[in-house]
Amino acid sequence: MKRRRISKGCLFIISAPSGTGKTSLAGRILDTLPGIRESVSYTTRQMRAGEAQDVDYTFITPEIFKHMLKGGEFLEWAQVHGNYYGTAKKRVEDILASGADVLLDIDTQGAKQFRQQKLDGVYIFIFPPSLDELRRRLVKRSTDAPDVVEKRLARAIDEMKDFHFYDYVVINDDFETAFKDIESIIIARRLLTSGLNMTWLENTFLGKQT
Ligand code: 5GP
């Protein structure tokens with residue numbers, strides 16, 4: 001039976017250092033949990049093999065990015081590894097207007113900007129199982145020289161220091177467990193009294209007519 005959704009749409013902000021498995025976890029959430037969609041970010045970085053325009057990112061030139069920034073089109077933006085990334089206001093608003101939740105996979109700089117704007121949302125930080133495992137993953141997936149891997153690791157450690165900006169911490173030592181943790185956070189948020197769709201609740205149970 002398809003269950004009625006009783007909550008308003010909410011923002012779920014997920015951050016994690018690269019090599020933590022965040023992209024796979026976010027993918028599983030989007031594939032299996034109804035009522036949540038990702039806001040596709042804009043970026044100036046080059047498209048990687050296997051990526052698609054408007055699916056992984058909307059790939060744009062630095063000139064277009066600057067133009068959008070000037071026009072106030074981003075809710076937040078950041079520079080990561082020399083490239084610009086931004087979350088478009090319109091994309092987030094469209095998803096929320098459709099009644100769905102929004103999943104944002106953004107770095108800690110972006111998450112802090114959301115916090116500063118006091119945007120209501122649930123902030124989730126994902127840790128790797130250990131520093132050794134993170135280094136192993138970065139080496140395995142990278143064609144970069146060892147000093148570049150060390151730089152990425154240093155940035156990862158820097159990002160981990162920001163975990164206290166987040167509401168929840170999930171450790172990705174086991175994919176299924178980490179997925180269940182995130183799923184539980186999303187489900188719990190949807191059941192919060194403060195997130196309920198009050199019109200529906202009042203009409204259905206409290207005898208009020210709008
Ligand atoms: P990648 O280029 O490897 O896909 O992503 C690099 C980093 O940029 C990741 O930490 C990712 O979460 C972050 N990122 C992706 N999109 C956005 C965005 O719209 N805003 C911010 N602040 N970070 C983003």
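Further up the page is the structure itself.
Here's what I pulled together on the structure shown here. (Residues numbered from 1 in each chain as written. Predicted model: local features only at pLDDT ≥ 70, side-chain atom pairs only at ≥ 80, totals over all residues. Heavy atoms only, no water.)

The environment of the ligand is formed by 15 residues, the closest being Lys22, Ser41, Arg45, Tyr57 and Tyr85. Here an oxygen atom of the ligand sits 2.5 Å away from a polar atom, N or O, in the side chain of Tyr57. Contact with the protein chains hides 89% of the accessible area of the ligand, taken as 520 Å² for the molecule alone. Of all elements in the fold, only β5 (74-80) and β6 (83-88) reach the threshold of two or more residues within the shell around the ligand. Considered class by class, the residues forming the shell around the ligand number 5 nonpolar, 4 polar and 6 charged. (Near = heavy atom within 4 Å. Polar contact = N/O pair within 3.5 Å; in protein donor to acceptor, adjacent residues only side chain to side chain. Areas by Shrake-Rupley, 256 points an atom, 1.4 Å probe, with all protein chains shown as cover. Helix = DSSP H or I, 4+ residues; strand = E, 2+ residues; numbered from the N terminus. Nonpolar A, V, L, I, M, F, W, Y, C, P; charged D, E, K, R; others polar.)

Tracing the backbone through its elements, the reader meets Ser39 in the loop between β2 (36-38) and β3 (42-43). The contacts of Ser39, once residues within four sequence positions are left out, are Thr87, Ala88, Arg91, Val92, Ile95, Val102, Leu103 and Leu104. (Contact = heavy atoms within 4.5 Å.)

One non-glycine residue, Asp54, adopts positive backbone phi at about 70°. With respect to the helices, strands and loops of the structure, Asp54 is situated in the loop between β3 and β4 (58-59). With a relative accessible area of 44%, Asp54 lands in the partly exposed category. Despite not being glycine, His81 shows a phi value in the positive range, around 45°. (Buried < 20%, exposed > 50% of the residue type's maximum accessible area, 1.4 Å probe, protein only.)

Membership of the largest hydrophobic core comes to 21 residues, with the highest contact counts inside it found for Leu11, Ile13, Leu104 and Phe114. Residue assignment for this core shows that the elements contributing at least two residues are β1 (11-15), α3 (89-97), β7 (101-105), α4 (108-116), β8 (121-127), α5 (131-141) and α6 (146-160). Core analysis: the second largest hydrophobic core is formed by 19 residues, Ile126, Val170, Phe179 and Ile182 among them. (Core = buried A, V, L, I, M, F, W, Y, C linked by side-chain atoms within 4.5 Å.)

To continue, consider the packing of aromatic side chains. Across all of its chains, the model carries 12 aromatic pairs by this definition. Ring centres of Tyr42 and Phe74 lie 6.0 Å apart, and the angle between their planes is 65°; on these two criteria the pair is classed as edge-to-face. Of this pair, Tyr42 sits in strand β3 while Phe74 sits in strand β5, and the two are 32 residues apart along the sequence. On the basis of relative accessibility, which here comes to 14%, the residue Tyr42 falls in the buried class. (Phe/Tyr/Trp six-rings, centres within 6.5 Å; stacked < 30°, edge-to-face > 60°.)

The subject of this paragraph is helix α1 (residues 22-32). Within α1, burial applies to Lys22, Leu25, Ala26 and Ile29. Buried residues of α1, seen end-on, are gathered within an arc of 100° and therefore sit on one face of the element. Of the exposed residues in α1, those oriented more than 90 degrees away from the buried face are Thr23 and Asp31. Turning to α1, the residues buried within the fold contact β1, β2, β7, β8 and α7 (175-190). (Arc of directions from axis to C-beta.)

Take the packing of α1 against α7 next. Running from amino to carboxyl end, α1 crosses α7 at an angle of 55°, the nearest separation of the two axes being 10 Å. Taken together, α1 and α7 sit at an angle that is classed as oblique. Considering only the axes of α1 and α7, their crossing is right-handed. When α1 is examined against α7, the residues Ser24, Leu25, Arg28, Ile29 and Thr32 are found in contact with a partner set consisting of Phe175, Glu176, Ala178, Phe179, Ile182, Glu183 and Ile186. Grouping the amino acids of the contact of α1 with α7 by side-chain chemistry returns 7 nonpolar, 2 polar and 3 charged. (Axes fitted to C-alpha atoms, helices over the stretch in contact; angles between N-to-C directions. Parallel < 35°, antiparallel > 145°, perpendicular 65-115°, else oblique. Left-handed = near helix turned anticlockwise from the far one by under 90°.)

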